[in-house]
Amino acid sequence: MDFLEVIEKRKSVRRYSDRPVEREVLDAVVDVAQTAPSSRNSKSSAFMIIEDKDTLEALAQMRDYGASPLKHAQAGIVIMGDESKTDLWVDNCAISATFVQLALTAMDLASCWIHINGRPCLKDEPQGARAEDYVSDLLGIKDGLRPYCVIAIGYPEEEIPEK
């Protein structure tokens, strides 16, 4: 599949088959994401692969809206930023997450971007608990890394229709 075909084929998918995603594929996707451009080549993005179903279900509880695709995913990749490397860590994470989704599409996998940064846990309590804190606590994220988003991953439950 050439690059323009990947761009045309990519779309958010929220339901996945029970077919496991091979670890080698997930590692290859992270390798691609690590080539993403970053501000002043700061390489401020970091990645965590999640394959454990219980952890994916717990991640789906980070917000009471918009995170449910993680319940059905076979894997997830958490994209984190190191704000000590650059003040543009958010931008760098967004670029990295896009590379992840495009690489997954090229490998005939489906994905959905689940936003963490700046999101409340409860939609009706926008000033309350933050999804970022929930995810950091759940996954033990430390060392100045901040979770930006998680990409839900799986083989599509049904064929992805053309756009």
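For the structure, see preceding data.
From a predicted model like this one, the values you see are computed outputs, not experimental measurements.

Calculation criteria
- Residues numbered from 1 in each chain as written.
- Predicted model: local features only at pLDDT ≥ 70, side-chain atom pairs only at ≥ 80, totals over all residues.
- Heavy atoms only, no water.
- Helix = DSSP H or I, 4+ residues; strand = E, 2+ residues; numbered from the N terminus.
- Rg over C-alpha atoms; globule rule 2.2 N^0.38 Å.
- Buried < 20%, exposed > 50% of the residue type's maximum accessible area, 1.4 Å probe, protein only.
- Contact = heavy atoms within 4.5 Å.
- Areas by Shrake-Rupley, 256 points an atom, 1.4 Å probe, with all protein chains shown as cover.
- Phe/Tyr/Trp six-rings, centres within 6.5 Å; stacked < 30°, edge-to-face > 60°.
- Lys NZ or Arg CZ within 6 Å of the ring centre and 35° of its normal.
- Salt bridge = Lys/Arg side-chain N within 4 Å of Asp/Glu carboxyl O.
- Pairing = 2+ DSSP bridges.

Engineer: Explain the overall build of the protein to me, using residue names and the numbers behind them.
Structural biologist: Counting its secondary structure elements, the protein contains six helices and four strands. Since a compact globule built from 163 residues should have a radius of gyration of about 15 Å, the 15 Å found for the protein is in line with a globular shape. Taking the principal axes of its C-alpha atoms as reference, the protein extends roughly 40 × 35 × 30 Å. In the protein, which comprises 163 residues, the proportion classed as buried is 48%. Residue pairs in contact within the protein that sit at least 24 positions apart in sequence constitute 78% of those at least 6 positions apart. Total accessible area computed for the protein in this model is approximately 8500 Å², and 48% of it derives from carbon and sulfur atoms.

Engineer: Now, about the packing of aromatic side chains: what can you tell me, with residues and values included?
Structural biologist: Following the criterion strictly, the structure yields one aromatic pair and no others. Aromatic side chains tryptophan 113 and tyrosine 148 sit 6.0 Å apart centroid to centroid with 75° between the ring planes, which places their arrangement in the edge-to-face category. One end of the pair, tryptophan 113, is in strand 3 (residues 110-115); the other, tyrosine 148, is in strand 4 (residues 145-154), and 35 residues separate them in sequence. Between the NZ or CZ atom of arginine 19 and the centre of the ring of tyrosine 155, over which it lies, the distance is 3.6 Å. One cation-aromatic arrangement involves arginine 63 over tyrosine 65; the distance from NZ or CZ to the ring centre is 4.3 Å.

Engineer: Any details on the pattern of salt bridges? Residues and values, ideally.
Structural biologist: A complete count under the given rule lists seven salt bridges for this structure. One salt bridge connects glutamate 22 with arginine 19, and the closest N-O pair in it is separated by 3.9 Å. For arginine 19, a relative accessible area of 45% corresponds to the partly exposed category. Note that aspartate 27 is salt-bridged to arginine 23, the shortest N-O span being 3.0 Å.

Engineer: Break down the pairing of strand 2 (residues 75-82) for me, with residues and values.
Structural biologist: The buried fraction of strand 2 amounts to eight of the eight residues, a majority that puts the element mostly inside the structure. The two faces of strand 2 match: Ala75, Ile77, Ile79 and Gly81 on one face and Gly76, Val78, Met80 and Asp82 on the other face are all buried. Note: strand 1 (residues 45-50) against strand 2, six bridges, orientation antiparallel. Along strand 2, the bridge assignment pairs isoleucine 49 with isoleucine 77.

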